[in-house]
Amino acid sequence: MIGLLRGRILGKQPPQLLLDVQGVGYELEAPMTTFYDLPAVGEEVTLFPHLAVREDAHTLYAFAKLSDRDLFRSLLRVNGVGAKLALTILSGMDGPSFARCVQESDTAALVRLPGVGKKTAERLIIELRDRLDAVPAGDSTSLASGSTQAGGQGSPVEEAVTALVGLGYKPNEASRMVRAIDATELNSEEIIRQALQATIQ
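In this text, all values refer to a predicted model and were calculated from it rather than measured experimentally.

1. Details of the side chain of S91
If you trace the backbone, S91 turns up in helix α3 (residues 83-92). Leave out the neighbours within four places in its chain, and S91 touches P31, M32, T33, Y36, L167 and L196.

2. Thoughts on a nonpolar patch on the surface
Among the surface-exposed residues, M1, L51 and V53 lie close enough to one another that they form a single nonpolar patch of about 330 Å² accessible area. Along the polypeptide, V53 turns up in strand β4 (residues 44-53). For V53, a relative accessible area of 53% puts it in the exposed group.

3. Remarks on the packing of aromatic side chains
Going through the model one piece at a time under the given rule, you end up with two aromatic pairs. Ring geometry for Y61 versus F72: centroids 5.1 Å apart, planes at 40°, classification tilted. Taken together, the positions of Y61 in strand β5 (residues 58-63) and F72 in helix α2 (residues 66-76) put the pair 11 residues apart, joining distant regions of the chain. Take Y61: its relative accessible area is 6%, and that puts it in the buried class. Ring geometry for F63 versus F72: centroids 4.9 Å apart, planes at 45°, classification tilted. The pair F63 / F72 is uniform in exposure class, with both members buried. A connected cluster of aromatic rings, assembled from ring pairs, spans Y61, F63 and F72. One cation-aromatic arrangement involves R193 over Y36; the distance from NZ or CZ to the ring centre is 4.0 Å.

What counts, and at which threshold
Residues numbered from 1 in each chain as written. Predicted model: local features only at pLDDT ≥ 70, side-chain atom pairs only at ≥ 80, totals over all residues. Heavy atoms only, no water. Helix = DSSP H or I, 4+ residues; strand = E, 2+ residues; numbered from the N terminus. Contact = heavy atoms within 4.5 Å. Patch = residues over 30% accessible without salt bridge, like charges linked within 9 Å, V, L, I, M, F, W, Y side chains within 5 Å. Areas by Shrake-Rupley, 256 points an atom, 1.4 Å probe, with all protein chains shown as cover. Salt bridge = Lys/Arg side-chain N within 4 Å of Asp/Glu carboxyl O. Buried < 20%, exposed > 50% of the residue type's maximum accessible area, 1.4 Å probe, protein only. Phe/Tyr/Trp six-rings, centres within 6.5 Å; stacked < 30°, edge-to-face > 60°. Lys NZ or Arg CZ within 6 Å of the ring centre and 35° of its normal.

Honestly, it's all geometry; don't read function into it.
As structure tokens, this is what we get:
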């Protein structure tokens, strides 16, 4: 099991991330809550990975905070929640916000996340209520920090729409979310952050 990766960021295209660890390039998928904390392309970062093994693929997921990885693993134990949905949930809200929704049985906030219907929201609350007591309000176990400059080839708006589609939103919905905010002078990760925040308010 890989417990930690430290290396240089070669590329960022949410939710994909390419990390050079001593000459080995690791393709990772990360939630937007991790992308917000990443330094610029070319800089070093330390991440906490999770390896998901399926018959047709081995996928590495990466997290800036140890508590986010723990929450991701807790989500995977919930019936009907796979890695993609868990990644979407952690992109839509941070760990403390998710824990608060679960503790307060706030299904309305959870169903605003793509792929989370009422039954799934209720299942998350029932199965995770007793497991999330340890999620702190301000988790400092983060080893990724710095500026958030994207490493994609398109415009920030195009990259934001592509990332939102990758997180489970329909293309028309992703475009509408991005158009609803003032994207002037924002990089792709800031656009995504504001678009996701607007959906759960």
